[in-house]
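Next come the chains, spelled out residue by residue.
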Amino acid sequence: MTKESRGLLPLNLVLSTLTPPGSFETPHAWAGFISKSSGHKYSVRPSKSLNSAPPAVNFRGRFTALRRRRSGKFSSGYQSFDHVTFYVGNALQAATFYIARFGFSPVAYSGLETNSRDVATHVIRQGTITFAFASALNPEGKMTDEIGKHIWKHGDGAKDIAFKVTDCRGIYAKAMERGATSIREPTELKDEHGTVLIASIHAFGDTTHSFVERVDYKGPFLPGFRAITEEDPLMKLTPAIGLDFIDHIVSNHPDHQMESVVQWYERVLGWHRFWSVDDKQIHTEYSSLRSIVVADDSEKVKCPVNEPAKGKKKSQIQEYVEYYGGSGAQHMALHTSDIIHAVSFLKQRGCKFLTIPSSYYTNLKERLKHSPTVIKEDMDTLQKLNILIDYDDTGYLLQIFTKPSQDRPTLFYEVIQRHGHQGFGAGNFKSLFEAIERDQNDRGNLTDM
Ligand SMILES: O=C(O)C(=O)Cc1ccc(O)cc1
Ligand SMILES: [Fe+3]
């Protein structure tokens, strides 16, 4: 690609995986596929940071082949995200925010009443999305120090991202062999509902990963928790939102740390690069970032890893890093099979989303005229709700982003519906980032670099 063409094309995408050389498509075929996709003028080239293999993901037929190829090497055992634990100042109130605004239901509790003397944890769920909010109960003590320090530095935030696995001991042992830092050795937790095996390792910043093996567990969350069966009264006021599972969880990192974090997932967990956005030129007029998506062997769990890149103004990733105090979880994408329904009622519950200018929809409608992709949803409704659309010849996705969920401009949420498209909305990045930057500017943080 020439310099001139790079100047014309705001987004250069690199989609790549660690595929044995020569296995799949040529870069040329791949580029053709991309330029059809979304009707965006993207260009594609192999990533320098990877091996010399041609890019090989097309979000359609390659997954099976890749999975079969990989599974000999790493027996995966990842089934899904299990839950996310947040450290917060007031777990009762934080849980209530997600119940009221996002339509979660309370499912379990542990605290003084269950003889948990140091920490209160409120667990909420929607579909299989499970969030646990934990707060310290006492003015001093080990857990008060641990949770207090986390909140002092990061504000309310995600402390632990737990995966549901079939072999907790195996994954933990392999990770330790490959240099993981242990937080908790495989531990058997038991109560009258059965047994759960859980182990944790350090992931990035102050964030950890846990491996949860639900051996035969029938309880509401984890052993020691009391079930909450009473329905939240707000559930009667609006219909169920219909968020069903965590699609991906994204982390942000300080400049020049993305590559080492990605290598950590490769080396320690045996994950692979699933997709990436060009390190060079994903940008708006003002700022840019780099992103590599890592996935486990079976690609059931996907985690994009971001870092800021130099631009005229401060990158949104840099803003996050400064307010979070380093690496941390940036957004969680919550899947739904009916985004129009979900977003309509999330708005009715007072959930706040980023807004998108009408020019986005004018451009999109024009591009769609020249594409075989047919969007089933009503375009005017999507526009009215500020839902973004990205597509290629394998299908399309619909996505929308909330404003930050706490006072610090750190963690936010994405609602996503997929129609056969396994990307992350690259065609929307420019409009999305401009929307984020409008808010960043409002906060006085879109500063010159
Ligand atoms: O990559 C993803 O998962 C997205 O949903 C797009 C995105 C990328 C980077 C951001 O800072 C915010 C959103
Ligand atoms: Fe996302």
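Residues numbered from 1 in each chain as written. Chains lettered and ligands numbered in written order. Predicted model: local features only at pLDDT ≥ 70, side-chain atom pairs only at ≥ 80, totals over all residues. Heavy atoms only, no water.

Section: the packing of aromatic side chains
The geometry of an aromatic ring pair is captured by two quantities: the separation of the ring centres and the angle between the planes. Applying the stated criterion across every chain yields a total of 30 aromatic pairs. Ring geometry for Phe 86 and Phe 131: centres 5.1 Å apart, planes at 75°, overall edge-to-face. Taken together, the residues span a long stretch of sequence, with Phe 86 in strand S3 (residues 78-87) and Phe 131 in strand S6 (residues 129-136) at a distance of 45 residues. In this structure Phe 86 comes out as buried when scored by relative accessible area, which is 2%. Given the relative accessible area of 0%, Phe 131 is considered buried. Ring geometry for Phe 102 against Tyr 413: centres 5.3 Å apart, planes inclined by 65°, an arrangement best described as edge-to-face. Residue Phe 102 is found in helix H4 (residues 91-102), and its partner Tyr 413 is found in strand S19 (residues 412-419); the two are separated by 311 residues along the sequence. Taking relative accessible area as the criterion, Phe 102 reaches 2% and is therefore assigned buried. (Phe/Tyr/Trp six-rings, centres within 6.5 Å; stacked < 30°, edge-to-face > 60°. Helix = DSSP H or I, 4+ residues; strand = E, 2+ residues; numbered from the N terminus. Buried < 20%, exposed > 50% of the residue type's maximum accessible area, 1.4 Å probe, protein only.)

Comments concerning empty space enclosed by the protein
Inspection of the entire model under this criterion finds five cavities of 30 Å³ or more. A volume near 210 Å³ is recorded for the largest cavity. Asn 306, Gln 330, His 331, Phe 429 and Phe 433 are the residues nearest the centre of the largest cavity, which is lined by 19 residues in total. Looking at the lining of the largest cavity, the elements that each hand over two or more residues are strand S12 (243-252), strand S14 (288-295), strand S15 (302-309), strand S16 (328-336), S19 and helix H12 (429-442). It is H12 that contributes the most residues to the lining of the largest cavity, four residues altogether. Of the pockets and cavities examined, the second largest cavity occupies roughly 140 Å³. (1 Å grid on protein atoms, 1.4 Å probe; cavity = no way out; pocket = protein on both sides within 12 Å on 5 of 7 lines; lining within 4 Å. Points joined across faces, edges and corners; volume = space filled by probe spheres on them.)

Details of the UniProt feature "domain: VOC" (unreviewed entry) in the chain
The UniProt entry lists residues 80-214 and 245-403 under the feature "domain: VOC" (unreviewed entry), expressed in the numbering used here. Along residues 80-214 the backbone is 26% helical and 50% strand, and the end-to-end C-alpha distance reaches 12 Å. (UniProt positions renumbered as here; feature names shortened; annotations may be inferred.)

Things to note about the sheet that holds strand S8 (residues 182-191)
Read from one edge of the open sheet, nine strands run S8-S9-S10-S7-S3-S6-S5-S4-S11, paired in mixed fashion. Each edge of the open sheet is held by one strand with a lone partner, namely S8 and strand S11 (226-227). When strand S4 (residues 105-110) meets S11, the two strands line up antiparallel, connected through two bridges. Paired with Tyr 109 across the bridge in S11 is Arg 226. (Pairing = 2+ DSSP bridges.)

Topic: the coordination of the iron ion (ligand 2)
The coordination sphere of the iron ion (ligand 2) contains the protein donors His 248 (NE2), His 331 (NE2) and Glu 414 (OE), at a distance range of 2.0 to 2.2 Å. In primary-sequence terms, the residues that donate to the iron ion (ligand 2) follow H-x82-H-x82-E. With a gap of 83 residues between them, His 331 in strand S16 and Glu 414 in strand S19 connect regions that are remote in the sequence. Residue class for His 331 comes out buried when judged on its relative accessible area of 8%. (Donors = N, O, S within 2.8 Å, 3.2 Å for Na, K, Ca; no water.)

Some details on the UniProt feature "binding site: Fe cation" (unreviewed entry) in the chain
Per the UniProt entry, the sites bearing "binding site: Fe cation" (unreviewed entry) are His 248, His 331 and Glu 414 in this numbering. Judged by maximum C-alpha separation, these annotated positions cover 167 residues in sequence but sit close together in space, the widest gap being only 9.4 Å. Looking only at the residues we just named, the largest cavity is lined by His 248, His 331 and Glu 414. Tracing the chain through its elements places His 248 in strand S12. Discounting chain neighbours no more than four positions away, the residues touching His 248 are Phe 81, Lys 302, Pro 304, His 331, Met 332, Ala 333, Glu 414, Ile 416, Arg 418 and Phe 424. A polar contact of 2.7 Å, which involves the side chain of His 248, links it to the side chain of Asp 247. A relative accessible area of 1% means that Glu 414 is categorised as buried. (Contact = heavy atoms within 4.5 Å. Polar contact = N/O pair within 3.5 Å; in protein donor to acceptor, adjacent residues only side chain to side chain.)

A closer look at the nonpolar core
Judged by nonpolar contacts, the single largest core of 98 residues is most densely connected at Phe 86, Phe 131, Phe 133, Phe 211, Leu 269 and Met 332. A per-element tally of this core places helix H7 (residues 258-269) first, with seven residues. Both domains that furnish three or more residues to this core are identified here as domain 1 (4-18 + 76-237) and domain 2 (245-443). With sequence-adjacent residues up to four places away left out, Phe 131 is seen in contact with Val 84, Phe 86, Tyr 98, Phe 104, His 122, Val 123, Ile 124, Ile 246, Met 332, Leu 334 and Tyr 413. In this structure, Val 123, Ala 162, Leu 189 and Phe 221 belong to the second largest nonpolar core, which totals 13 residues. (Core = buried A, V, L, I, M, F, W, Y, C linked by side-chain atoms within 4.5 Å. Domains from an automatic or database assignment.)

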